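Each chain, letter by letter, is given below.
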Amino acid sequence: MSDHSHSHGAHDHHGEEHGHAPGHSHDHSHSHSHGAGAGELRLAFAAVLTGLFMLAEMVGGYVSGSLALIADAGHMLTDFASLALAWYGFRLARRPADWRRTYGYDRFSILAAFTNGIALFVIAAWIVVEAWHRLSEPSNVIGGIMLWVALAGLAVNIGVFYVLHSGGDAHTNLNVRAAALHVLGDLLGSVAALVAAIVIMTTGWMPIDPLLSVLVALIILRSAWRVVAESGHILLEGAPAGVDSRALAADLVGQVPGVTDIHHVHAWSINEERPMVTLHARIDDSATAPEVITAAIKNRLKERFKIAHATIEIERETCADDHAAQGSPAGHAVPGGRGRSSDC
């Protein structure tokens, strides 16, 4: 293979603009844009509703003296930021890939989810510290104001949670799921504030307010850990969920005729919806044309592992990297068919 053709294959791999019929590409883009547009509208509505009530809850918490309400308002602030970033992520992902960002902007949503998760840790820590101060120096809380604000917050959070789950994004997009987890934690925080208000109004026991605010903090931490763990895994180029490189290699050797060995397997994802893999496939001398085997491997990866984009290097006898290490010119095919690569 010449240097020119090898470079062209590498370019196609990063841009992902190859291997699809024009009609197929158009249909995929149209459906993706339609889904993204609906997702944008839901996120925009949820963000505006959350932001407005966050301000109202902050004022209510300050007037009533309730830490639970203030903690819930702080959580709603991160909800608003999470929803706004998720909305912006949808818009940014529509930008095409270019020579500097060959995978496009899809990973911005993962960065946003990771940032939101870290922010949740900070908010939770602040709530716990403030609760400790409140328990050390109890303060009066106006239960009536707290009750009505908590009821309104519960209604708003239920509405926002319903809006986010009315489409499929909450199940397939990590950034939207992170935002939904924020809202779910805030919904439970509103329940905690409501319970605290009822206890204060009926018994006058003020410590219930900071104690339940700690419960809200624990709920926030649980959400934060899940979001940071999942987004961090993607940012660290971890294998996509359900993809074990060992099982993948064994499956291809057993299911694709002519393949005797699979090695140099690297599986990762741009976001939770775009898994990718690169691998070397050794074939025996009696195997059919490399192009046929490449197509068979790609079909198997798509059917068994849901990986639609793969870069495959076909080899015979020895690994092409061994020849590269011995000084073979990069990008040239090794005699006998070794080092033939396929990226489409």
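Within every chain, residues take consecutive numbers counted from 1 along the sequence as written. For a predicted model such as this one, the threshold for reporting local features is a pLDDT of at least 70, and the threshold for listing and counting side-chain atom pairs is 80 or more; totals across whole chains, interfaces and linings nevertheless cover every residue. Excluding hydrogens and water, the side-chain values take into account all heavy atoms of the structure.

Caption draft 1: View of the packing of helix α9 (residues 245-255) against helix α10 (residues 290-305). Only C-alpha atoms enter the line fits that serve as axes; for helices the fit covers just the stretch in contact. Angles between N-to-C directions range over 0 to 180 degrees. By definition, any uninterrupted DSSP run of H or I lasting at least four residues is a helix, any uninterrupted run of E lasting at least two residues is a strand, and each is numbered from the N terminus. Packing of α9 against α10 leaves a shortest axis separation of 11 Å and a crossing angle of 125°. Of the possible angle classes, the one that applies to α9 and α10 is oblique. Taken as a pair, α9 and α10 cross one another with a handedness that is right-handed. Packed against α9, whose contacting residues are A247, L248, D251, L252 and Q255, the element α10 presents I297, R300, L301, R304 and F305 at the interface. Its residues assigned to classes, the contact of α9 with α10 comprises six nonpolar, one polar and three charged. Roughly parallel means an angle under 35 degrees; roughly antiparallel, over 145; roughly perpendicular, 65 to 115; everything else is oblique. Crossing handedness: left-handed means the near helix sits turned counterclockwise from the far one by under a right angle, and right-handed means the same turn made clockwise. What makes two residues a contact is simply this: any of their non-hydrogen atoms within 4.5 Å. We call Asp, Glu, Lys and Arg charged. Ala, Val, Leu, Ile, Met, Phe, Trp, Tyr, Cys and Pro are nonpolar, and the rest, Gly among them, are polar.

Caption draft 2: Region of interest: the nonpolar core. In these notes, a set of buried Ala, Val, Leu, Ile, Met, Phe, Trp, Tyr and Cys residues joined through side-chain atoms within 4.5 Å is what counts as a nonpolar core. Exposure is judged per residue with a 1.4 Å probe applied to protein chains only, and the accessible area is read against the type maximum: over 50% gives exposed, under 20% gives buried, and values in between give partly exposed. Counting residues in hydrophobic clusters, the biggest one holds 43 residues, and the most contacted among them are L43, L83, M146, V160, L164 and I220. Elements supplying a minimum of two residues to this core: α2 (22-64), α3 (67-93), α4 (108-136), α5 (143-165), α7 (174-203) and α8 (208-235). With eleven residues, α7 is the largest single contributor of residues to this core. For L83, the residues in contact, after removing those within four places along its chain, are L43, A46, A47, T50, V160, L164 and A179. Formed by 22 residues, the second largest nonpolar core is a distinct cluster that contains V256, A287, F305 and I314.

Caption draft 3: Geometry of the environment of S231. Assignment of secondary structure puts S231 in helix α8. In the structure, S231 is positioned 122 residues away from S109 in sequence and 9.2 Å away in space, judged by C-alpha atoms. Residues adjacent in sequence count toward polar contacts only when both atoms are side-chain atoms; beyond that, a polar contact is any pair of N or O atoms within 3.5 Å, and within protein one must be able to donate a hydrogen and the other to accept it. Looking at S231, its side chain comes within polar contact range of the main-chain oxygen of V228, at 3.4 Å.

Caption draft 4: Geometry of empty space enclosed by the protein. Space inside and on the surface of the protein is sampled on a 1 Å grid over the protein atoms alone, with a cavity defined as a set of points where a 1.4 Å probe fits but cannot get out and a pocket as an open set with protein on both sides within 12 Å along at least 5 of 7 lines; lining residues have an atom within 4 Å of a point. Grid points are joined across faces, edges and corners, and a volume is the space filled by probe spheres set on the points. Going through the model one piece at a time under the given rule, you end up with one cavity of 30 Å³ or more. Taken as a whole, the largest cavity spans an internal volume of roughly 50 Å³. Along its surface, the largest cavity is lined by R134, L135, P138, S139, V141, M206, P207, D209 and P210. Of all the secondary-structure elements, those providing two or more residues to the lining of the largest cavity are α4 and α8.

Caption draft 5: Quick peek at the pattern of salt bridges. The salt bridge definition used is simple: a Lys or Arg side-chain nitrogen within 4 Å of an Asp or Glu carboxyl oxygen. Here the structure, examined in full by the defined rule, presents six salt bridges. Its salt-bridge partner being R274, residue D106 comes within 2.8 Å of it at the nearest N-O pair. One end of the pair, D106, is in the loop between α3 and α4; the other, R274, is in the loop between β1 (259-269) and β2 (275-283), and 168 residues separate them in sequence. Residues R282 and D261 are paired through a salt bridge, measuring 3.4 Å at the closest nitrogen-oxygen approach. Residue R282 is found in strand β2, and its partner D261 is found in strand β1; the two are separated by 21 residues along the sequence. A relative accessible area of 26% means that D261 is categorised as partly exposed.

Caption draft 6: Fine view of the pairing of strand β3 (residues 309-316). Buried residues dominate β3, accounting for eight of its eight residues. Here β3 shows a buried face lined by H309, T311, E313 and E315 and a second buried face lined by A310, I312, I314 and R316. With eight bridges connecting them, β2 and β3 associate as parallel partners. Counted as the bridge partner of V277 is A310 from β3. Following DSSP output, two strands are said to pair if at least two bridges run between them.

Caption draft 7: Expanded view of a nonpolar patch on the surface. On the surface, V59, Y62, V63, I142 and I145 cluster together to form a nonpolar patch covering roughly 500 Å² of accessible area. In terms of residues, the nonpolar patch owes the most to one element, α2, which gives three residues. Here Y62 shows up in helix α2. In this structure Y62 comes out as exposed when scored by relative accessible area, which is 71%. Patches here are clusters of residues that have more than 30% relative accessible area and form no salt bridge, with a 9 Å joining cutoff for like charges and a 5 Å cutoff for nonpolar side chains (Val, Leu, Ile, Met, Phe, Trp, Tyr). The method behind every accessible area is Shrake-Rupley, applied with a 1.4 Å probe, and residues are considered shielded solely by the protein chains displayed.

Caption draft 8: Molecular detail of the side chain of N271. As for its position among the elements, N271 is in the loop between β1 and β2. Owing to a relative accessible area of 6%, N271 belongs among the buried residues under this scheme. There is a polar contact of 2.8 Å between the side chain of N271 and the backbone nitrogen of E273. A distance of 3.1 Å separates the side chain of N271 from the backbone nitrogen of R274, its partner in a polar contact. Setting aside residues no more than four positions away along its own chain, N271 makes contact with D106, I110 and I234.

Caption draft 9: Highlighting unusual backbone geometry. You will see that E237, though not glycine, has its phi angle at about 60°, which is positive. Mapping E237 onto the fold places it in the loop between α8 and α9. Residue H264 is not a glycine yet carries a positive backbone phi of 50°. Counting through the fold element by element, H264 comes out in strand β1.

Caption draft 10: Geometry of the pairing of β1. Where β1 and β2 come together, eight bridges link them in antiparallel fashion. Bridging across to β2, H266 finds its partner in T278.

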